[in-house]
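# Architecture and fold: a report
What follows is each chain in one-letter form.
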Amino acid sequence: MTERQEYSNFLKHLFGTRVQKLNVNAGFTCPNRDGTLGIGGCTYCNNASFTPAFGRCSSSVTQQLLDAKHFYRGKYADTKYLAYFQSFTGTYAPVDKLRLLYDEALSVPDVVGLVVSTRPDCIGNEVLDLLEDINNDHRVIVEIGVESSHDRTLKLINRCHSWQCAQDAIKQLAQRGLVVGAHLILGLPGEDENDMMTTVDEIGKLPLATVKFHQLQVIKGTRLAHEWSRGDVEVVDWTPQEYADLCRRIIGRIPKHIIIERMVSTAPPQLLLHPKWGLKPAQFKEIFESDFE
Ligand code: SF4
């Protein structure tokens with residue numbers, strides 16, 4: 001049976017060299033926060049929990065990338081970089097502005113491609129045209145926030161888009177030749193393992209190159225944190241070992257051609273309310289790989 005490729009090798013093959021993602025905060029917002037679809041955002045969302053310090057400043061895209069390159073200087077030989085538009089919704093701006101921002105990122109020395117993280121309802125025809133055009137000269141990876149295939153869950157967490165919308169966006173991006181990844185969250189309120197497995201099975205039918213998922217984290221200042229602390233919402237309380245077991249079952253259901261980018265997330269300790277595992281990703285990997293039957 002063919003082995004699943006490691007994510008780092010997948011990127012190396014795609015770009016012909018080792019690449020490092022550099023976070024960029026381009027000042028985007030999100031239609032689920034600016035009033036277009038909603039104002040509160042997804043119930044679990046606090047962008048500060050996944051934006052590194054050098055991506056939070058108000059400096060230009062170029063300066064952020066140069067600062068981030070400086071941060072990684074000397075760590076690895078022969079490394080090139082990908083500009084990672086991760087904060088908020090990476091395609092949520094007029095297409096002319098997007099073009100300027102993406103071009104600016106690609107003009108920074110040693111930046112060889114883009115990773116754009118976005119919502120499935122922010123992939124219109126103009127955005128598809130732009131991404132396809134850039135992808136002709138530089139590889140573009142698009143990460144779609146799917147989270148769950150269950151519309152009742154998407155409603156509960158206030159995603160303000162449907163599962164159908166996510167499927168359509170992924171198919172359209174893949175048809176344009178883009179490398180597409182999906183983002184899922186495990187342990188969303190109201191979901192049991194069967195629900196999660198259904199999502200995983202559905203995801204496996206889509207034209208995806210990568211999947212990344214992580215445990216639901218309760219982050220300070222979010223609506224989920226308020227609901228959870230009041231006892232209005234129950235959040236699953238896995239031990240790292242239990243979660244690692246679940247990851248193994250999940251990965252066993254994902255077709256081998258889909259690369260697993262990651263399976264755990266670690267919000268900054270000062271923001272994290274639950275679960276407080278206190279593990280770095282490498283430590284979780286050790287648990288995942290150890291035999292604890
Ligand atoms: S998780 Fe993404 S889509 Fe949801 S509110 Fe946050 S930035 Fe917007």
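The structure this text deals with has already been given above.
Residues numbered from 1 in each chain as written. Predicted model: local features only at pLDDT ≥ 70, side-chain atom pairs only at ≥ 80, totals over all residues. Heavy atoms only, no water.

Here we come to the overall build of the protein chain. On a plain count of helices and strands, the protein chain comes out with 10 helices and nine strands. Oriented by its inertia axes, the alpha-carbon framework of the protein chain measures out at about 50 × 45 × 40 Å. Counting only residues that meet the buried cut, the protein chain has 54% of its 293 residues in that class. In the protein chain, the proportion of contacts linking residues at least 24 apart, taken out of those at least 6 apart, comes to 81%. Carbon and sulfur atoms provide 50% of the accessible area of the protein chain, an area that totals close to 13,700 Å². (Helix = DSSP H or I, 4+ residues; strand = E, 2+ residues; numbered from the N terminus. Buried < 20%, exposed > 50% of the residue type's maximum accessible area, 1.4 Å probe, protein only. Contact = heavy atoms within 4.5 Å. Areas by Shrake-Rupley, 256 points an atom, 1.4 Å probe, with all protein chains shown as cover.)

Moving on, we get to the site of the ligand. All residues in the neighbourhood of the ligand are listed as Cys30, Arg33, Gly41, Cys42, Cys45, Asn47, Phe88, Arg119 and Arg159. In the shell around the ligand, the residues fall into four nonpolar, two polar and three charged. (Near = heavy atom within 4 Å. Nonpolar A, V, L, I, M, F, W, Y, C, P; charged D, E, K, R; others polar.)

Moving on, we get to the packing of aromatic side chains. Scanning the model with the defined rule gives eight aromatic pairs in all. Geometrically, the ring pair formed by Trp238 and Tyr243 is tilted, given 5.3 Å between the ring centres and 40 degrees between the ring planes. Residue Trp238 shares its accessibility class with Tyr243, and that shared class is buried. In this structure an aromatic cluster arises from ring pairing among Trp238, Tyr243, Trp277 and Phe284. The ring of Tyr76 carries the charged tip of Arg18 above its face, separated from the ring centre by 3.5 Å. For Lys21, the ring lying beneath its charged end belongs to Tyr84, and the centroid distance is 4.6 Å. (Phe/Tyr/Trp six-rings, centres within 6.5 Å; stacked < 30°, edge-to-face > 60°. Lys NZ or Arg CZ within 6 Å of the ring centre and 35° of its normal.)

On to the packing of helix H2 (residues 61-72) against helix H3 (residues 95-106). The description of two helices packed together rests on the angle between their axes and the distance between the axes. Interhelical geometry of H2 versus H3 gives an angle of 35 degrees and a closest axis separation of 9 Å. Handedness of the crossing formed by H2 with H3: right-handed. Residue-level inspection shows Val61, Thr62 and Leu65 of H2 in contact with H3, the latter providing Leu101, Glu104 and Ala105. (Axes fitted to C-alpha atoms, helices over the stretch in contact; angles between N-to-C directions. Left-handed = near helix turned anticlockwise from the far one by under 90°.)

Bringing the nonpolar core into the picture now. Core analysis: the biggest nonpolar cluster contains 66 residues, and Phe85, Leu114, Phe213 and Tyr243 have the highest contact counts within it. Apart from the residues within four sequence positions on either side, Phe85 is in contact with Val24, Ala26, Phe28, Gly90, Leu101, Tyr102, Ala105, Leu114, Val115, Val116 and Ser117. (Core = buried A, V, L, I, M, F, W, Y, C linked by side-chain atoms within 4.5 Å.)

Taking 1.5 Å of rise per residue, the 12 residues of H2 would be expected to cover 16 Å, and the 17 Å separating its terminal C-alpha atoms lies within 8% of that figure. What H2 keeps buried is the set Val61, Gln64, Leu65, Ala68, Lys69 and Tyr72. One side of H2 holds all its buried residues, which, seen down the axis, span an arc of 135 degrees. Those residues of H2 hidden inside the fold are in contact with strand S1 (19-24), strand S2 (80-85), H3 and strand S3 (111-118). (Expected span 1.5 Å × (residues − 1). Arc of directions from axis to C-beta.)

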